[in-house]
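What the coordinates show
So you can see what is in the structure, the chains are spelled out below.
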Amino acid sequence: MTLYLSPDDLAPFADIEIAKASAMIDDALALAVAVAPCLGDDEVELTAAQGSAVRAVLRAAVLRWNDAGTGA
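I will try to describe carefully the structure that is included in this document. Here the structure is a predicted model, which means the values were calculated and not measured.

Reading the values: the criteria
Here the residue numbering is sequential within each chain, running from 1 through the sequence in written order. In view of the model being predicted, local features appear only for residues whose pLDDT reaches at least 70, and side-chain atom pairs are presented and counted only at 80 or more, with totals across whole chains, interfaces and linings using the full set of residues. Computation of side-chain values: all heavy atoms of the structure, hydrogens and water removed. Helix and strand definitions follow DSSP, with helices as H or I runs of at least four residues and strands as E runs of at least two, each counted in order from the N terminus. Using C-alpha atoms as the atom set, the radius of gyration is obtained and then compared with a globule rule of 2.2 Å times the number of residues to the power 0.38. For this analysis, residues touch if any pair of their heavy atoms sits within 4.5 Å. Each accessible area value is a Shrake-Rupley result obtained with a 1.4 Å probe; residue values ignore everything except the protein chains displayed when judging cover. His is not counted here, nor are the chain ends, while Lys and Arg score as positive and Asp and Glu score as negative. Each charge is placed at NZ for Lys, CZ for Arg, CG for Asp and CD for Glu. A 1.4 Å probe rolled over the protein chains alone gives each residue an accessible area, and that area as a share of the maximum for its type sets the label: buried under 20%, exposed over 50%, partly exposed in between. The axes are straight lines fitted to the C-alpha atoms, using for helices just the contacting stretch, and the angles between their N-to-C directions are given from 0 to 180°. Working rule for angles: under 35 degrees goes down as roughly parallel, over 145 as roughly antiparallel, 65 to 115 as roughly perpendicular, anything else as oblique. The sense of a crossing depends on the near helix, which, turned anticlockwise from the far helix by less than a right angle, makes the crossing left-handed and, turned clockwise, makes it right-handed. Throughout, nonpolar core names a set of buried Ala, Val, Leu, Ile, Met, Phe, Trp, Tyr and Cys residues whose side chains join them through atoms within 4.5 Å. The length a helix should cover is 1.5 Å for every residue beyond the first. Arc definition: directions from the helix axis to the C-beta atoms.

Re the overall build of the protein chain
Each helix and strand in the protein chain was counted, giving three helices and zero strands. Listed by position from the N terminus, the elements making up the protein chain come as α-α-α. Compactness check: the protein chain gives a C-alpha radius of gyration of 12 Å against a globular reference of 11 Å for 72 residues, within 12% of the reference. Taking the principal axes of its C-alpha atoms as reference, the protein chain extends roughly 40 × 20 × 20 Å. Considering only residue pairs separated by 6 or more positions, the protein chain has 70% of its internal contacts joining residues 24 or more positions apart. Just so you have it, the protein chain exposes about 4,800 Å², and 57% of that area is on carbon and sulfur atoms. Computed over 4 positive and 11 negative side-chain charges, the separation of the two mean positions in the protein chain equals 10 Å.

Section: the environment of A30
Along the chain, A30 falls in helix α2 (residues 18-35). Here A30 falls in the partly exposed class, since its relative accessible area comes to 47%. Considering only alpha carbons, one finds A30 and G40, ten residues apart in sequence, at a separation of 8.4 Å.

Considerations on the packing of α2 against helix α3 (residues 48-67)
The relative placement of two packed helices is expressed as an angle between their axes plus a distance between the axes. Closest axis-to-axis distance for the α2/α3 pair is 10 Å, and the angle between their directions is 125 degrees. In terms of axis orientation, α2 runs oblique to α3. Judged by the twist between their axes, the crossing of α2 over α3 is right-handed. On α3, the residues touching K20, M24, I25, D27, A28, L29 and A32 of α2 are L58, V62, W65 and N66.

A closer look at the environment of L46
Relative to the assigned elements, L46 resides in the loop between α2 and α3. In this structure, L46 is in contact with Y4, L39, G51 and V54, ignoring residues within four places of it in sequence.

Re the nonpolar core
Membership of the largest hydrophobic core comes to 17 residues, with the highest contact counts inside it found for Y4, L5, L10, I16, L39, L58 and V62. In this structure L10 touches L5, I16, A21, I25, R59, V62 and L63, once residues within four positions along its chain are discounted.

Here's the deal with α3
Its 20 residues place the ends of α3 28 Å apart at the C-alpha level, agreeing with the 28 Å of an ideal helix rising 1.5 Å per residue. Along α3, the positions that sit buried rather than exposed are G51, V54, L58, V62, L63 and N66. Buried residues of α3, seen end-on, are gathered within an arc of 155 degrees and therefore sit on one face of the element. Those residues of α3 that are exposed and angled more than 90 degrees off the buried face are A49, V57 and R64. Against the buried residues of α3 lie α1 (7-10) and α2. Positive phi shows up at G69, right after α3, with a value of about 85 degrees.

Shown next, in the form of structure tokens:
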């Protein structure tokens, strides 16, 4: 499966432990693939813009999840 997001992509926005960030990314990607199966198909080639959009959506979801319950 293509890696659309890495812990390094989150670093400018939040201080999340690498193991936690990796697990959150894995979960977010699994949910994304359930909704958009093409994201889990390595034979499907997204354009650069589509790949950037996927990364942006996943990053936003993980950052919101990380902030949940903090009052942020």
